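Survey of secondary and tertiary structure
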Amino acid sequence: MKRELKILAIVVTFTLITYYLVEPFAHSQMHKHVEFRNFKYDGKSDIEEVEHKIKVAKEHKEDTTELEKKLEEKKKFWAEVDKISKLKGDATAGEGVYAMCQGCHFEGATNMGGVTPPSLEHAGALYDKKYLIALVKNPAMAMNIDHKFKDPSMHPMGSVMSMVTSDQDIANVVAYLKEKKAGEATPVEAYVEACGRCHADRYMKWTQVGFVPKTKENIKTGQDIEALKFKQKVAEEQNALADYLGKLPPDLSIIIRARSEDFLKTFIEDPQTQLPGTAMPRTGLTQESYDKVEEFLADSGDAKRHERAKLGPIVLIYFIIFAIFAYLWKKEVWRDLH
Amino acid sequence: MAHFTKAKSLYEWLDQRIAIDTLRRVLATEYWIPKNINFLWAMGMVLAITFGLLLISGIFLLMYYQPNVDLAFDSVNYTIMKEVEFGWLWRHIHGVAASVVFLIIYIHMFTGIYYGSYKKGRELIWLSGMLLFVTFSAEAFSGYMLPWGQMSYWAGMVITNLFSMGDLHLNGLVEWIRGDYVPGQAFLNRFFMLHVLLLPLVILALIGFHFGTLRIPHVNNQEGEEIDFEEEAAKYKAGKKKESKVIAFANDFLSKDMFVVSIFLIFFFYLVFYHYEFAMDPVNFDPADPLKTPPHIYPEWYFLWSYEILRPFSTNVGLIAFGFAQVIFFFLPFLDRSPNAKPAHKRGLFFFWFWALVIDMIILTAMGKLPPEGIFSKIGLYAALTFIGLWIILPIITKMEKEVKE
């Protein structure tokens, strides 16, 4: 018995060492570490990103004047955002400003400059306050995709920069969103509003222009014209997105199994940290709204997780009982042998 | 026409026709196993059970899987994982068992090496076991192609590329294997056929052969003691079970096996429910994309050691080293020149050789997954050279071994 336990200890030790080396250790070496900032948006990661670029450029003895300028611009921008966040916003006054937003943001909005403006129904609940302030002030900077635009007003939402100009107006409209557009979103609403205009999810029947409608084919011809029309609408939207973003953003049906939780969190917080140069904008989700998006993605790509959690203990208890009976049988049989 | 008398029971009726009484004696009640064994001797049964799990879960998956480059990914990740009742369970059992079966195979192999169970009449047990290892490897690789994810596609690309044999540039051979210039529909279809028909048939036949090779030389024991099985069996049958050095396969050996199996199954189902990620790489949950190479391409953990023997060298040398690694284990019974069929701790230098091999293969496994940069590729190179060196010195150190007298 003592010998068997010693052998078991050796087998288990070597198995665990191998496991540690090929799983946790190897993955820690393969994936770069990105600091998670708890979905707080204060521009720190943006500034560090440019500082890092300057460091690399200096190592390669390249000209850094442009980058230095960018760094100053970012520092100034986020300092101003911080300043506006300390102003007291007036939601009633903000409603008037919000009327301008509704020119583009409404249910059933159509593609503008490559992407369809999102519904703001839950904007106050989904997005962080400082992020919203930054977004109204300068969308390209807030989303950390300013590298794509020589002139930030060329961003599809760039016109806001000439529409809402005073700091107080920004504070007011954000206060309005935070008070009046802050109803709790369901996981589906969170995904649809924050991600769904670019990312389809075929396992949830979501396309960039809405859920796939239930249609009926003509029984005599086998053709379903409504479905074909919808497909065309999706294809047109996808073309526009791909033209604007450079490629069609991936379908997120099973992204929950394809990326680690750590990757998803840090990537959504600031896409540039994990994929430098990506066209994906920062969306400004709060922790709570990220959890909702994650739940939607889990419903899509890991739908049976609750069933798995329920069945696991039952199966294990079954095999523990099985082991007890096996042990008793062995004892019984071996009584005559020892 | 043979003469049959009227049978008095179903047992007798069957016995007259297919001799089940003899079968039972030969395969179970008078199939003698040494008493002096430990739980490592149950790994064969654990493997049989794991293979059973793979077969049964595979049958369920086969009912819904679509071997089509456009449908394969979603038939696995949507149809099986979301729509089919308990499809997720069958898939996780299949995926985890495919990984765990190799862990047990390696334990089984190294048990054989440690106790010298490939020597003195047991050579064919080793050789048939090695054939099983190779066939299981092919089975695992072909199965890995089927979900048609990024790692399926790119592992398929990299591994089939090996057949161009470096500077021999056998591109025609690679195309012949793929049925196309790149992995595509023809490729998926033929690996599907291999995975669900041809290779399982070969495995079943080899399992039968492996059992057959075991029957006459009998299983080894913990001390490498030569047992007179007839004499010990006579003692057992005379009721002197306590003094006899042998036990019957059923129920004596089987009852112990089943206890080990039950502990294994607790571990196995713990993995299935709570820790399956190690067996299902995240990269393979991205659909195959011929235009996008993943940043890191690596095989499943059980192939890593031989992959790392390929990687640190230039193409041609690497391929030769890789070929060496694939076949060298077959030659173990002939490279071990020692007269002793004893456990390694009784064999002097061989004991150190054994642990050096285990540790070297673990290092190779780790380096095979890590990015081949800096210190990792250096360690990988030395570990690969050590592996080759260990096999070169094996005949020398075993030749020097003195005969161990009890």
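Please read all numbers here as calculations on a predicted model, not as lab measurements.

1. Considerations on helix H3 (residues 43-62) of chain B
All names here are of chain B. In this model, H3 (20 residues) spans 28 Å end to end at C-alpha, consistent with the 28 Å of a helix rising 1.5 Å per residue. Inspection of H3 places Met43, Val46, Leu47, Ile49, Thr50, Phe51, Leu53, Leu54, Ser57, Gly58 and Leu61 among the buried residues, and these make up the whole buried set. For H3, the secondary structure elements touched by its buried residues are helix H4 (72-83), helix H5 (87-114) and helix H11 (249-274).

2. Here's the deal with the environment of Ile47 of chain A
Residue and element names in this part refer to chain A. Topologically, Ile47 is positioned in helix H2 (residues 44-59). As for Ile47 and Tyr176, which are separated by 129 residues in sequence, their C-alpha atoms are 29 Å apart. If we ignore the near neighbours within four places in the chain, the residues touching Ile47 are Leu71, Lys74 and Lys75.

3. Things to note about the domain arrangement of chain A
Assigned domains of chain A: these are domain 1 (1-30) and domain 2 (31-303). On a C-alpha basis, the centroid separation for the pair domain 1 of chain A and domain 2 of chain A is 44 Å.

4. A word on the domain arrangement of chain B
All names here are of chain B. Segmentation of chain B into domains returns domain 1 (21-291) and domain 2 (298-406). For domain 1 versus domain 2, the separation of C-alpha centres amounts to 22 Å. Taken residue by residue, the interface counts 24 residues in domain 1 and 18 residues in domain 2. Elements represented by at least two residues in the side of domain 1 that touches domain 2 include exactly H5 and helix H6 (123-145).

5. Remarks on the packing of helix H1 (residues 2-30) of chain A against helix H15 (residues 349-369) of chain B
Between H1 of chain A and H15 of chain B, the least distance of the axes is 9 Å, while the angle of their chain directions is 15 degrees. Relative to H15 of chain B, the element H1 of chain A is oriented roughly parallel. The two elements H1 of chain A and H15 of chain B meet at a crossing, and its hand is right-handed. Between H1 of chain A, through Phe14, Ile17, Thr18, Leu21, Val22 and Ala26 of chain A, and H15 of chain B, the contact on the second element is made entirely by Val358, Ile362, Thr365, Ala366 and Lys369 of chain B. Grouping the amino acids of the contact of H1 of chain A with H15 of chain B by side-chain chemistry returns eight nonpolar, two polar and one charged.

What counts as what
- Residues numbered from 1 in each chain as written.
- Chains lettered and ligands numbered in written order.
- Predicted model: local features only at pLDDT ≥ 70, side-chain atom pairs only at ≥ 80, totals over all residues.
- Helix = DSSP H or I, 4+ residues; strand = E, 2+ residues; numbered from the N terminus.
- Expected span 1.5 Å × (residues − 1).
- Buried ≥ 20, exposed ≤ 12 C-beta atoms within 10 Å, placed from the backbone.
- Contact = placed C-beta atoms within 7 Å.
- Domains from an automatic or database assignment.
- Axes fitted to C-alpha atoms, helices over the stretch in contact; angles between N-to-C directions.
- Parallel < 35°, antiparallel > 145°, perpendicular 65-115°, else oblique.
- Left-handed = near helix turned anticlockwise from the far one by under 90°.
- Nonpolar A, V, L, I, M, F, W, Y, C, P; charged D, E, K, R; others polar.

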